[in-house]
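# Structure at a glance
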Amino acid sequence: SNWTERIEPASHDAVFIDRAGKDAAIYSGETPDNLYAIRVGSMVGKTGELRIAGGTLNATQYSNAYTRIGVAGGHGEVYQLAGNVTLNALQVALDPGSKGSVCLEGGKLVIARGGQSSVGSIDLGALGGNGTFDITGGSLETRRGVTLGREGGVGEFSVHGSNPSRIAIGSYKARDGFWKQNAG
């Protein structure tokens, strides 16, 4: 991992990743603590990139904390190549001008909680944001559904090829899943 100055965050920390390209955050180890939340591309003028290459990464310390990729006008990208990641609800591209993308290429991604009652565990493109979620491999499991393009946003969920080993919407903890696509 290349956390800033090799200092790993603690369980009470929200991790903000606002660097990309050659300065992107690369995670491949074990975080000893369960994190509060992760923010990638956290505000206007910020672009963040997180590459998960292995290990175990958990951000479920507080049940109401969301992991957000591209928020408050920021741009964020997450690439999961391997490893086991468990998050609370995931919002990709929240707020006007925000752009966010998640590419699941390998490993296992679990979204362990739901958002609000009308919003899925994965919320793509909300409140004017533009969010995408692409699966080319690995495994995805959510507690609740997927919401696309909420309140003026644009959301796209894509599965490419036959390499994904499991896509289970709403199966975590025996919940019912749903798809909710909004006009736009």
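Provided above is the structure to which this section pertains.
Residues numbered from 1 in each chain as written. Predicted model: local features only at pLDDT ≥ 70, side-chain atom pairs only at ≥ 80, totals over all residues. Heavy atoms only, no water.

## Some thoughts on the overall build of the protein chain
Looking only at helices and strands, the protein chain has zero helices and 16 strands in total. Counting across all 184 residues of the protein chain, residues that qualify as buried make up 49%. Nonlocal contacts in the protein chain, meaning residues at least 24 apart in sequence, comprise 76% of its contacts between residues at least 6 apart. Looking at the protein chain as shown, the accessible area adds up to about 8,400 Å², and 46% of this sits on carbon and sulfur atoms. (Helix = DSSP H or I, 4+ residues; strand = E, 2+ residues; numbered from the N terminus. Buried < 20%, exposed > 50% of the residue type's maximum accessible area, 1.4 Å probe, protein only. Contact = heavy atoms within 4.5 Å. Areas by Shrake-Rupley, 256 points an atom, 1.4 Å probe, with all protein chains shown as cover.)

## Describing unusual backbone geometry
Backbone phi values are negative for most residues with the exception of glycine, while trans is the configuration of most peptide bonds. One non-glycine residue, Leu-127, adopts positive backbone phi at about 55°. Mapping Leu-127 onto the fold places it in the loop between β10 (122–126) and β11 (130–135). A relative accessible area of 32% means that Leu-127 is categorised as partly exposed. One non-glycine residue, Glu-151, adopts positive backbone phi at about 50°. Positionally, Glu-151 belongs in the loop between β13 (146–150) and β14 (154–159). You can call Glu-151 exposed: its relative accessible area is 56%.

## Focus: the nonpolar core
If you look at the biggest cluster of nonpolar residues, it comprises 30 residues, and the most contacted ones within it are Phe-133 and Leu-140. With four residues, the top contributor of residues to this core is strand β4 (residues 47–59). Beyond its immediate stretch of four places on either side in the chain, Leu-140 contacts Leu-104, Leu-109, Ile-111, Ile-122, Phe-133, Ile-135, Phe-157, Arg-166, Ile-167, Ala-168 and Ile-169. (Core = buried A, V, L, I, M, F, W, Y, C linked by side-chain atoms within 4.5 Å.)

## Looking at the packing of aromatic side chains
For the coordinates displayed, the defined rule picks out two aromatic pairs. Ring centres 5.3 Å apart and planes at 10° place the aromatic pair Phe-133 and Phe-157 in the stacked group. Separated by 24 residues along the polypeptide, Phe-133 in strand β11 and Phe-157 in strand β14 bring together distant segments of the chain. Residue Phe-133 is classed as buried on the basis of its relative accessible area of 0%. Since its relative accessible area comes to 16%, Phe-157 is described here as buried. One residue, Arg-51, lies across the ring of Tyr-79, its end atom 4.3 Å from the ring centre. (Phe/Tyr/Trp six-rings, centres within 6.5 Å; stacked < 30°, edge-to-face > 60°. Lys NZ or Arg CZ within 6 Å of the ring centre and 35° of its normal.)

## Considerations on the side chain of Arg-144
With respect to the element layout, Arg-144 can be found in the loop between β12 (139–142) and β13. Given a relative accessible area of 19%, Arg-144 falls into the buried group.

## Here we look at the environment of Asp-23
Inspection of the secondary structure assignment puts Asp-23 in the loop between β1 (14–17) and β2 (25–27). Sequence separation between Asp-23 and Leu-50 is 27 residues, and the spatial gap between their C-alpha atoms is 9.8 Å.

What is shown is where atoms sit, not what they do.
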